[in-house]
Amino acid sequence: MKHRTGQLAVTLAAVTAAALLAAPAQAAAPTFTISPGGTWSGTRAAGSTVGIRDAVSNQVTLCSGLTVSGSFTAGAGQSGTNAGSLTGISFTGCKAAGVDVTVTVHTSAANPAPINLSQVFPVGSDVVVGQATNISLTLDDANGCHAEVGARTTSGGGPGFTGLAYRSGDARLSFAAGGKGLFVQSATERCASAYHGLAVKQFDRISLGGFGDSIEDSSVTLTPAQTITSP
C-alpha cells in the first residue's frame, strides 16, 4: 500500500508540474512614459463636435466650447495609476432641443479628477486610453430642469468617472472613450421630455463624449503638447 501511495504522489506531482509549464505566462502590466509633463490647458480641437449625451434617450446636448486644464507626471516606467489629473472642465454655449443648458462640472484644483491610464488602443497606435475619476456635474436648462450627475446611486452615489483618450500625434485629449461611469442621480420634474429642453431622468447613463467613441468628439488640443508612449 505504501508503494502505491508513493507512486500516486509522484504522478500527481508530475501532472501539477506539467500544468504549470503549460499555463500561459501572464502579460506584464503596461507602463507609460510621459514627456514633458507638468501643467497644461486645452481648448476645443479643430473640427471637434462637443456634446453631452444621454445614452437612454439618446439626446445630445450640443456645446460650442470646451476647455480643460490639468497636469501629467513626467517620467518613464509609470504604472498609469495617478498619471496626472484634471483641474478644470468647462462646457460652454450648450443647448438641448434649442433650449439653453448650463453645464457645471465640479472639477477644480482643490477638487481634482485623477487620471489613470490603462493601455494603448488601438494596439500599435499613438493613442492611450484610461479614465478620470472623481467626476460629478449638474445640468440646468432654461425651463427649470435640474439634474445631478455622478456615480450610480445604487452603487452608493458620489462622484463617478469618465473615459478619456489622448493622441500624442496631435495632442488631442478626448472624453469620447470607453469606460463611462456617469449617471443621473436625481432630476426634477421639468427634466421630463414633455417640457422640451433637457430630457433626462434618474439612472440614465451620461457620456461627456457626445455622439460616440471617436477621439475626434468632445476633444481639446493640449498646450504644451504631451507625448505619452507605452512601453
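For clarity, every value in this text was computed on a predicted model and none was experimentally measured.

**Quick notes on the state of the cysteines**
So, step 1. Going through the model one piece at a time under the given rule, you end up with two disulfides.
So, step 2. Here C63 engages in a disulfide with C94; their sulfurs sit 2.1 Å apart. Disulfide C63-C94: the torsion about the S-S bond is 110°, which places it as right-handed. Of this pair, C63 sits in strand β4 (residues 60-72) while C94 is found in strand β6 (residues 84-96), placing the two residues 31 residues apart along the sequence. Here the two residues C63 and C94 agree in accessibility, since each one is buried.
So, step 3. Two residues, C145 and C191, share a disulfide whose sulfurs are 2.0 Å apart. As the torsion about the S-S bond is roughly 90°, the C145-C191 disulfide counts as right-handed. Of this pair, C145 sits in the loop between β10 (137-141) and β11 (146-150) while C191 sits in the loop between β14 (183-187) and β15 (206-207), and the two are 46 residues apart along the sequence. Neither residue differs from the other here; C145 and C191 are each classed as buried.

**Details of empty space enclosed by the protein**
So, step 1. For the structure shown, the criterion picks out one cavity of 30 Å³ or more.
So, step 2. In this model, the largest cavity occupies a volume close to 40 Å³.
So, step 3. Contributing to the lining of the largest cavity are I52, R53, D54, Q59, T61, L139, L198, V200 and I206.
So, step 4. With three residues, the top contributor of residues to the lining of the largest cavity is strand β3 (residues 50-54).
So, step 5. For the lining of the largest cavity, a count of residues per class yields five nonpolar, two polar and two charged.

**Side note on the pairing of strand β2 (residues 38-44)**
So, step 1. Across six bridges, the pairing between β2 and β4 is antiparallel. The residue bridging W40 from the neighbouring strand is G70, located in β4.

**Focus on the sheet that holds strand β17 (residues 227-229)**
Note: strands within a sheet are paired through backbone hydrogen bonds, in either parallel or antiparallel orientation.
So, step 1. Within the open sheet, the three strands sit side by side as β5-β1-β17. Their pairing is antiparallel. Either end of the sheet is taken by a strand with one partner, and the two such strands are β5 (75-78) and β17. The sheet shows a mean angle of 15° between the axes of neighbouring strands, direction not considered.
So, step 2. When strand β1 (residues 32-35) meets β17, the two strands line up antiparallel, connected through three bridges. For T33, the partnering residue across the bridge sits in β17 and is T229.

**What to know about the confidence of the model for the chain**
Detailed conclusions should not be drawn from predicted coordinates in areas where pLDDT is low.
So, step 1. A residue-level look at the chain finds 88% of positions with pLDDT of 70 or above and a mean pLDDT of 90.
So, step 2. Predicted confidence is poor over residues 2-6, with pLDDT under 50, and the contacts of this stretch with residues over four places away or in other chains come to zero contacts.
So, step 3. Across residues 8-13 the pLDDT falls below 50, and counting only partners more than four positions away or on other chains, this stretch makes zero contacts in the model.

Scoring rules and cut-offs
Residues numbered from 1 in each chain as written. Predicted model: local features only at pLDDT ≥ 70, side-chain atom pairs only at ≥ 80, totals over all residues. Heavy atoms only, no water. Disulfide = S-S within 2.5 Å. Helix = DSSP H or I, 4+ residues; strand = E, 2+ residues; numbered from the N terminus. Buried < 20%, exposed > 50% of the residue type's maximum accessible area, 1.4 Å probe, protein only. 1 Å grid on protein atoms, 1.4 Å probe; cavity = no way out; pocket = protein on both sides within 12 Å on 5 of 7 lines; lining within 4 Å. Points joined across faces, edges and corners; volume = space filled by probe spheres on them. Nonpolar A, V, L, I, M, F, W, Y, C, P; charged D, E, K, R; others polar. Pairing = 2+ DSSP bridges. Axes fitted to C-alpha atoms, helices over the stretch in contact; angles between N-to-C directions. pLDDT = per-residue confidence, 0-100. Contact = heavy atoms within 4.5 Å.

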